[in-house]
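Each chain, letter by letter, is given below.
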Amino acid sequence: MKQIIEELAIFGGRPSFEQPIQVGSPNTGDRHRFLARLKNSLDSGRSTDRGPFLREFEERVAAFHGVRHCIATASSTQALACLVQALDLSGEVIVPSFMPVATAHALNDNRITPVFCDVDPASQTLDPGRVDELVTARTSAIIGAHLWGRVCDVDKLSSIARRHNLSLLFDAAHAFACTYHGRKIGTSGQPEILSFHASQILNAFEGAAILTDDETLAKQLRAAAVSADSAPGATLNGQMNEISAAMGLTLMDGYTELVAVNLRNYRRYRRTLAGLPGIHVIEYDYREQNNYHHVVLEVDPAAAGVTRDQLMAILSAEKVHARRYFCPPCHWEEPYCSQATYVRSPLPVTEKLARTVLCLPTGMAMTGPEIDIICNIIRLAVTCSSDVSVRLHYSNGLLRQNYLSHIDNPADRDVVRLGNE
Ligand SMILES: Cc1ncc(COP(=O)(O)O)c(C=O)c1O
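Peer 1: Now, about the layout of surface pockets: what can you tell me, with residues and values included?
Peer 2: In this structure, the second largest pocket spans a volume of roughly 410 Å³. As for the second largest pocket, its lining consists of 21 residues, and the residues nearest its centre are Ser123, Arg150, Val151, Cys152 and Asp285. Along the lines of polarity and charge, the residues of the lining of the second largest pocket split into seven nonpolar, seven polar and seven charged. Of the residues that make up the lining of the second largest pocket, three or more belong to each of domain 1 (5-24 + 255-322 + 361-415) and domain 2 (31-253).

Written out as structure tokens, the structure is:
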């Protein structure tokens, strides 16, 4: 374990890891089972158009959540587009800004105005107290996101939606098998969009699904999702293919273990980082089920002595690619940042979270000793933060160049700043 800051890779020490460790490394499950399914699919010649794996996957996901219908799609954006069409959404839709900008774009592309709402500081999900003030005569829906699998305040949002006669739907990308008041998502009457992107707990390479108990809506969604070839009049061609479904099924087979590993990792991070000033590992309500797929830090720079972006750069030099989420938040992006119609009230919580949230790697690929090494780097950076900050601040262009090269995502490079630079 590194003991002094000169050993940190950002200051010229040897990186802690040979191979990069990423947030969102895909869980791949039992390879033999997946390859057997793949062979079956190749042998049968069924690769799409609601083949047997897709049907089985939809049935198992629906049964797992205790919901009557699951409609799998090729991506979350496709799922949202199907819902926009089926629910006949129009005008304005209230959404959190602390979510992927792709969601806002999906609405905007459908000529719907996303109106950004702030989130609650404790849950980081849509703040029901702020939703009401954004409802206008043009509002047709509210979309909440169950961030980190922590389910939105469904009761309060439902009552607002009922009062104004609005549709309510949820982005449940992080919330596979998570519960609200002890009941799995999908059972509260509103449609939920799950994501099976490779970085989610249940990897189907790419993909998503809508959960609903509503028979009529399910029929409309199926019609919207299938290809125009197989169903004249359908427009979206957003269905999931057989190979994705085969991967999804393989991970369903081992789902209990995935959650157990995530919980073990999460508890180790929390234990090892406990008591570190300015470093808060977000909590999960142990009365609810979560999949523990996100280990989320909130970095308070005043208390930690380092900023989130400095910590991210320090980890990155060690080949640990922690990830900021929703930075920039939707309302800082074009076209939303240039027009008042999208941003009608301040979003202070979102802006704070966008500057302070950092996700650490977890999942099947992580071992306990690796987690200990990552925590030790964070502890070293925080306990020696004044020296670290000074060195980062006065570091020459070469050092800056050197560690920016560790940050893979070009978008991240623009935002990472050292010290007061
Ligand atoms: C909260 C949230 N919603 C939606 C998505 C988009 O999911 P997909 O990659 O399936 O489009 C993500 C992706 O990480 C996400 O974090």
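There's plenty left to go through after this.
Peer 1: Account for unusual backbone geometry, naming residues and giving values.
Peer 2: For the bond running from Cys327 to Pro328, omega is 0 degrees, close enough to zero to count as cis. With respect to the helices, strands and loops of the structure, Pro328 is situated in the loop between strand S13 (320-321) and helix H12 (348-356). With omega at 0 degrees, the peptide bond leading from Glu334 into Pro335 counts as cis. Positioned with a positive phi, His181 is a non-glycine residue whose angle comes to about 50 degrees. Relative to the helices and strands, His181 resides in the loop between strand S7 (179-180) and strand S8 (183-184). Unusually for a residue other than glycine, Tyr292 sits at a positive phi of about 50 degrees. Checked against the element boundaries, Tyr292 lands in the loop between strand S11 (279-281) and strand S12 (295-299).

Peer 1: Give a description of the sheet that holds S12 that names residues and reports values.
Peer 2: The three strands lie next to each other as S11-S12-S14, forming an open sheet whose pairing is antiparallel. Edge positions in the open sheet fall to S11 and strand S14 (357-360), since each of these has one partner strand only. Across the sheet, the axes of successive neighbouring strands diverge by a mean angle of 30 degrees, strand direction being ignored. Note that S11 and S12 share three bridges and pair antiparallel. Directly across from Ile279, in S12, lies its bridge partner Val299. Contacting S11, S12 and S14, helix H9 (residues 255-273) crosses the sheet at an angle of about 155 degrees to S11.

Peer 1: Account for the domain arrangement of the chain, with residues named and values stated.
Peer 2: Examined at the domain level, the chain breaks down into domain 1 (5-24 + 255-322 + 361-415) and domain 2 (31-253). Each of domain 1 and domain 2 was reduced to a C-alpha centroid, and the two centroids are 30 Å apart. Contacts between the two partners involve 16 residues from domain 1 and, on the opposite side, 23 residues from domain 2. Taken over both partners, the interface formed by domain 1 and domain 2 buries close to 1,600 Å², and the fraction arising from carbon and sulfur atoms is 53%. There are zero salt bridges connecting domain 1 and domain 2. Remark: the boundary between domain 1 and domain 2 carries 15 residue pairs in polar contact (both at pLDDT 80 or more). Sorting the residues of the side of domain 1 that touches domain 2 by element identifies H9 and S12 as the ones contributing at least two each. When residues of the side of domain 1 that touches domain 2 are assigned to their parent elements, the largest contribution, four residues, is made by H9. Of the residues assigned to the side of domain 1 that touches domain 2, the class counts are six nonpolar, seven polar and three charged.

Conventions adopted
Residues numbered from 1 in each chain as written. Predicted model: local features only at pLDDT ≥ 70, side-chain atom pairs only at ≥ 80, totals over all residues. Heavy atoms only, no water. 1 Å grid on protein atoms, 1.4 Å probe; cavity = no way out; pocket = protein on both sides within 12 Å on 5 of 7 lines; lining within 4 Å. Points joined across faces, edges and corners; volume = space filled by probe spheres on them. Nonpolar A, V, L, I, M, F, W, Y, C, P; charged D, E, K, R; others polar. Domains from an automatic or database assignment. Helix = DSSP H or I, 4+ residues; strand = E, 2+ residues; numbered from the N terminus. Pairing = 2+ DSSP bridges. Axes fitted to C-alpha atoms, helices over the stretch in contact; angles between N-to-C directions. Contact = heavy atoms within 4.5 Å. Buried area = accessible area lost by both parts, 1.4 Å probe. Salt bridge = Lys/Arg side-chain N within 4 Å of Asp/Glu carboxyl O. Polar contact = N/O pair within 3.5 Å; in protein donor to acceptor, adjacent residues only side chain to side chain.

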